[in-house]
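Residue-level listing of the chains:
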Amino acid sequence: MKTRSGGLFFRVAGAVTIFVVILLGVVLGMALAETSNVINQENFDTISPALPTKVVDINGTLITEYAADEKREMISISELPRHLIYAALAREDPNFYNHRGFSIRAIARALYGRITRQRLGGGSTITQQVAGTIYTNRMEYSISRKMRELWWAIQMERRYTKNEILEIYLNYMYMGPGVYGVEAASKYFFGHSAREITLAESAVLVVQLSSPARYNPLANPNEAMNRQLSVLNRMVELGFTSKEDAEKSFNDYWANYDYTRTVQSAYYSRDDKAPWFSEYVRRELDSMMYATMNYYRDGYTVHTTLDLNMQQAAVRHMESGIKRANRIYKASGGNRLVRAENQYIPIVNMLSLAFDINMLRGTGAAQNRIRAENRYTRTYNPIIDMAALAFGIEDLKKISSAGWKEMRNTEEQNIVEGALIIIENETGYIKAIVGGSKFDENNQFIRATQGRLQPGSSFKPLYYSAAIDSGKFTPSTMIQDIPAVYYNTDGTPYIPLNFRGEFKGPVLLYEALAHSMNVPSIKVLDTIGFDAAIDRASMLLGINDPEAKRRIFPHVYPLGLGIISIAPINMARAFATFANEGREVVPIAIRSIEDRNGKIIVDNEREVRQKQRAKGSAEQLISPQNAYVMTTLLRKTLEMGTLGGQGGKFIWKSANGENVRIAAAGKTGTTQNWADAWTVGFTPYYTTAIWFGFDRPGNSLGLELTGATLAGPVWGDFMREVHTGLPSREFTRPATGVVDIRVCATSGQLLTSKCNSGSVVLSFLDKYRPPGYCSYHENASSARRAIINQFNENEGVTSEAPSYRKPVLDLDALDLPVLPQSGNAENFPGQQLDDFEAPAYNPLSD
């Protein structure tokens with residue numbers, strides 16, 4: 001029995017031994033495999049830490065960097081001050097240069113502290129922390145993870161020098177909200193490079209290595225201060241610095257500490273020279289890059305179309321415009337409140353005094369609000385901040401700030417906002433974007449590209465283009481600007497009104513557009529039909545999806561006054577088509593993307609150009625002739641219309657004394673109830689769309705703030721600045737298909753020798769010239785002569801009577817020939833061009 005038992009024991013022991021040997025072999029094989037992986041990563045350069053993506057402008061100047069979870073900037077250990085390195089060693093691993101990747105004493109201390117539930121410090125060396133961060137998941141708390149970390153630490157010590165390990169450590173570790181490494185952390189916390197860091201700042205920085213959330217000096221200054229002192233004292237103990245230097249640096253740091261700073265992600269505190277544009281680019285990257293490409297970590301370089309000089313000019317002019325708009329808006333609204341309070345509050349107070357009713361006494365809502373805000377900002381807020389700091393009540397400051405911020409947000413919902421976008425006509429390059437008053441965490445809605453805003457009268461040129469092509473209208477077609485009723489398809493009547501309710505009577509088409517007359521524009525829409533107008537407008541705006549087209553463009557007459565919802569980028573695209581000789585303009589912000597090694601991985605501009613070429617003739621949205629005629633019509637807006645005050649801004653003397661003249665054209669727009677103010681205009685170089693208005697519908701800018709008075713001056717000033725230094729340039733005129741003709745300024749027909757009310761030169765499509773010679777002055781002259789002769793005969797005056805004898809009849813009261821209702825020849829039988837004998841004066845201009 002014993003023999004059998006002994007044999008069983010040996011068999012079991014043998015099996016266990018074989019199993020252990022096999023297990024050790026497997027573990028050893030895995031270790032060797034892992035070692036080979038380490039060998040493949042012998043050099044520091046082969047470790048690829050997460051790097052931010054750089055965004056640069058058209059000239060290669062850095063705009064910003066994208067790094068949501070890891071904002072990191074690599075820096076060599078040789079560039080760092082000694083006291084920063086000493087602070088890291090004193091805080092984390094004083095024996096770093098003496099051990100071989102691990103410390104038995106530190107491990108035992110940490111284990112004992114774990115058992116006794118005491119805080120005796122961690123057991124990981126700097127090498128173990130690096131190994132754990134790179135090769136394991138440090139969120140996992142287990143013995144197996146610690147063993148893997150120890151293994152990798154030993155391998156790293158074999159393959160890297162101590163300085164290389166320390167450099168990886170100082171560049172790789174998490175050190176705050178969205179920041180990794182000492183360089184990024186120093187810029188985030190202190191606003192300067194780690195190369196310039198002070199002794200006290202170094203102590204604050206290395207404290208972040210153990211608990212960035214708890215010891216963040218912005219969120220918890222008291223906690224950070226205590227830990228900072230312990231690091232400085234430890235450095236003094238180890239002989240890394242003197243007590244005097246430590247105390248002086250400590251006192252200087254807290255004497256200059258900014259208590260007003262709040263904690264926010266490094267993404268929002270990053271240096272960004274064009275936040276509206278870079279946010280637009282970031283969203284474009286989301287749809288442009290493959291799923292495996294991460295622009296927050298992979299270190300790309302995005303080459304964009306932005307011109308930082310133009311962007312800075314755009315921000316400056318829009319800030320000025322928004323400030324002016326809010327000042328006027330608030331003054332007009334405040335004046336109404338002040339007038340009401342000045343009139344009624346004294347009466348109420350007098351009654352309260354007369355009848356001793358104290359509860360009736362009041363001061364007015366506006367006065368109460370102002371007093372409350374002043375008392376809070378000047379009295380209570382400083383006290384709350386000091387109390388929070390003195391007693392370490394961090395939540396008090398947070399709650400107070402949150403309440404104040406919410407109140408201010410409610411107040412700011414009524415502010416006037418604005419947006420601007422400028423694109424290069426020939427390339428579609430977006431040169432600048434301003435999406436609103438100020439880009440921050442609470443205001444990231446890019447109104448220039450995301451806004452769904454009513455363009456008002458700035459929409460009119462889009463369907464006027466279709467009217468010119470239809471042959472039913474020419475630039476000199478006469479239209480009656482008189483009250484009229486139109487009926488929508490559902491039978492509801494629509495009566496269009498002009499700005500301020502004025503009517504001009506008979507006007508020519510170019511005048512109606514230049515002065516933004518509504519009634520003639522609805523006549524144009526009614527004549528060409530909804531389908532023709534919508535097809536042309538949607539094509540120019542770049543809206544090709546049938547469902548979007550149906551949703552955006554209603555078949556109702558107010559469509560002619562721009563009641564659609566569209567973004568400024570679409571309006572800029574449409575007007576740029578006129579400047580680009582009718583060819584499609586596709587706005588682009590990203591030219592190409594390079595990886596961290598400089599290889600182009602996305603060539604966006606090339607892809608856009610290939611798609612345009614693939615369209616063939618379809619790339620020509622409208623004919624060059626139509627584009628040129630529309631451009632000449634829109635030039636009239638600056639010469640005599642709603643942008644009349646801006647034309648002179650495109651003429652100046654260059655630095656060498658030469659006269660510079662750059663052609664310009666555009667259109668203003670003001671929506672119903674004066675809620676939105678637009679100007680969209682272009683030169684041969686650029687097209688700019690500007691909008692002012694409210695995010696919340698229902699408010700009105702007031703009569704003082706319109707497209708002409710608010711958006712127009714900003715557009716003119718900005719466009720002048722961005723064109724300064726460019727040579728004179730005119731719009732390109734087609735070689736054929738367009739003719740300039742001098743017409744009667746009253747009738748719009750071909751000029752005759754009897755036209756005495758002035759003339760104007762207009763551009764026409766060659767196939768749709770003015771229909772005939774001026775019948776108004778011809779018929780009026782004949783009627784006047786007959787009446788005068790009859791009067792003279794009755795008075796006994798001969799034809800040889802002295803010229804000073806004047807008839808006393810009121811000729812304006814006579815039934816003279818009325819002005820034609822349309823410029824079409826078929827409305828005037830017998831008055832076609834071929835039926836007239838040409839007068840001595842040549843109506844074709846020079």
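These figures come from a predicted structure and were not determined experimentally. (Residues numbered from 1 in each chain as written. Predicted model: local features only at pLDDT ≥ 70, side-chain atom pairs only at ≥ 80, totals over all residues. Heavy atoms only, no water.)

A. A look at the overall build of the protein chain. A count of helices and strands for the protein chain gives 26 helices and 21 strands. Residue pairs at least 24 apart in sequence account for 71% of intrachain contacts in the protein chain once pairs closer than 6 positions are excluded. For the protein chain, the computed accessible surface area is about 42400 Å², with 53% contributed by carbon and sulfur atoms. (Helix = DSSP H or I, 4+ residues; strand = E, 2+ residues; numbered from the N terminus. Contact = heavy atoms within 4.5 Å. Areas by Shrake-Rupley, 256 points an atom, 1.4 Å probe, with all protein chains shown as cover.)

B. Here's a closer look at the packing of aromatic side chains. Within the structure shown, the criterion is met by 21 aromatic pairs. Ring plane angle 85 degrees and centroid distance 5.1 Å describe the contact between Trp 276 and Phe 439, whose orientation is recorded as edge-to-face. Here Trp 276, found in helix 12 (residues 275–288), pairs with Phe 439, found in the loop between strand 8 (430–434) and helix 16 (447–450); they are 163 residues apart in sequence, far enough to count as distant. There is no split in this pair, since Trp 276 and Phe 439 are both buried. On the basis of an interplanar angle of 65 degrees and a centroid distance of 6.3 Å, the ring pair of Phe 575 and Phe 682 is categorised as edge-to-face. Of this pair, Phe 575 sits in helix 22 (residues 568–579) while Phe 682 is found in strand 18 (residues 676–682), placing the two residues 107 residues apart along the sequence. Against the face of Phe 96 rests Lys 162, its NZ or CZ located 4.5 Å from the ring centre. Above the ring of Tyr 685, the side-chain terminus of Arg 729 is found at 4.8 Å from the ring centroid. (Phe/Tyr/Trp six-rings, centres within 6.5 Å; stacked < 30°, edge-to-face > 60°. Buried < 20%, exposed > 50% of the residue type's maximum accessible area, 1.4 Å probe, protein only. Lys NZ or Arg CZ within 6 Å of the ring centre and 35° of its normal.)

C. Seen up close, the pairing of strand 1 (residues 53–56). Where strand 1 lies against strand 2 (residues 62–66), four bridges are found, and the strand directions are antiparallel. Looking at strand 2, one finds that Val 56 is bridged to Leu 62. The turn linking strand 1 back onto strand 2 is made up of five residues, and Gly 60 within it adopts a positive phi angle of 85 degrees. By the bridge criterion, three bridges tie strand 1 to strand 6 (residues 301–304) in an arrangement that is parallel. Paired with Val 56 across the bridge in strand 6 is His 303. (Pairing = 2+ DSSP bridges.)

D. Local environment of the sheet that holds strand 8. The strand order 8-7-19-18-17 describes an open sheet built from five strands, whose pairing is antiparallel. Each of the sheet's edge strands pairs with one partner strand only, and the pair in question is strand 8 and strand 17 (665–670). For this sheet, the mean inter-axis angle between neighbouring strands, taken without regard to orientation, is 5 degrees. (Axes fitted to C-alpha atoms, helices over the stretch in contact; angles between N-to-C directions.)

E. Looking closely at helix 25 (residues 707–723). Inspection of helix 25 places Gly 707, Leu 710, Ala 711, Gly 712, Val 714, Trp 715, Gly 716, Phe 718, Met 719, Val 722 and His 723 among the buried residues, and these make up the whole buried set. Taken from the residues just after helix 25, Gly 725 is the one with a positive phi, measuring 100 degrees.

F. Structural view of the environment of Thr 709. In this fold, Thr 709 is placed in helix 25. Sequence spacing of Thr 709 and Thr 668 is 41 residues, and the spatial spacing of their C-alpha atoms is 9.5 Å. If we skip the residues at most four places from it in the chain, Thr 709 touches Arg 324 and Glu 704. One polar contact links the side chain of Thr 709 to the main-chain amide nitrogen of Thr 706, over a distance of 2.9 Å. (Polar contact = N/O pair within 3.5 Å; in protein donor to acceptor, adjacent residues only side chain to side chain.)

G. Structural view of the pairing of strand 13 (residues 590–594). The pairing of strand 6 with strand 13 spans four bridges and is antiparallel. By the bridge assignment, Thr 304 is partnered in strand 13 with Ile 590. Bridging between strand 13 and strand 14 (residues 600–602) involves two bridges; their strand directions are antiparallel. Looking at strand 14, one finds that Glu 594 is bridged to Ile 600. Taking the residues between adjacent antiparallel strands as the criterion, strand 13 and strand 14 are bridged by five residues, where Gly 598 takes a positive phi near 90 degrees.

H. Geometry of the nonpolar core. Counting 137 residues, the largest nonpolar core has Leu 541, Phe 553 and Phe 692 as its most contacted members. With nine residues, helix 13 (residues 308–354) is the largest single contributor of residues to this core. Ignoring anything within four residues of it in the chain, the contact list for Phe 553 reads Phe 459, Ile 534, Ala 537, Ser 538, Leu 541, Ile 543, Leu 559 and Ile 564. If you look at the next biggest cluster of nonpolar residues, it comprises 52 residues, including Ala 131, Met 156, Leu 205 and Val 206. (Core = buried A, V, L, I, M, F, W, Y, C linked by side-chain atoms within 4.5 Å.)

I. Just the side chain of Thr 53, in detail. Within the fold, Thr 53 resides in strand 1. A relative accessible area of 0% places Thr 53 in the buried class. From its side chain, Thr 53 meets the backbone oxygen of Tyr 295 in a polar contact 2.6 Å long. When residues no more than four places from it in sequence are discounted, the contact partners of Thr 53 are Thr 64, Glu 65, Tyr 66, Tyr 295, Gly 299, Tyr 300 and Val 302.

J. Here's a closer look at the pattern of salt bridges. A complete count under the given rule lists 29 salt bridges for this structure. Arg 282 is the partner of Glu 279 in a salt bridge, and the nearest nitrogen-oxygen pair spans 2.8 Å. Of this pair, Glu 279 and Arg 282 are both found in helix 12, three residues apart, which corresponds to roughly one turn of the helix. As far as the burial class goes, Glu 279 and Arg 282 line up, both buried. Within the structure, one salt-bridge network assembled from shared partners comprises Glu 73, Glu 79, Glu 183, Lys 187 and Arg 195. (Salt bridge = Lys/Arg side-chain N within 4 Å of Asp/Glu carboxyl O.)

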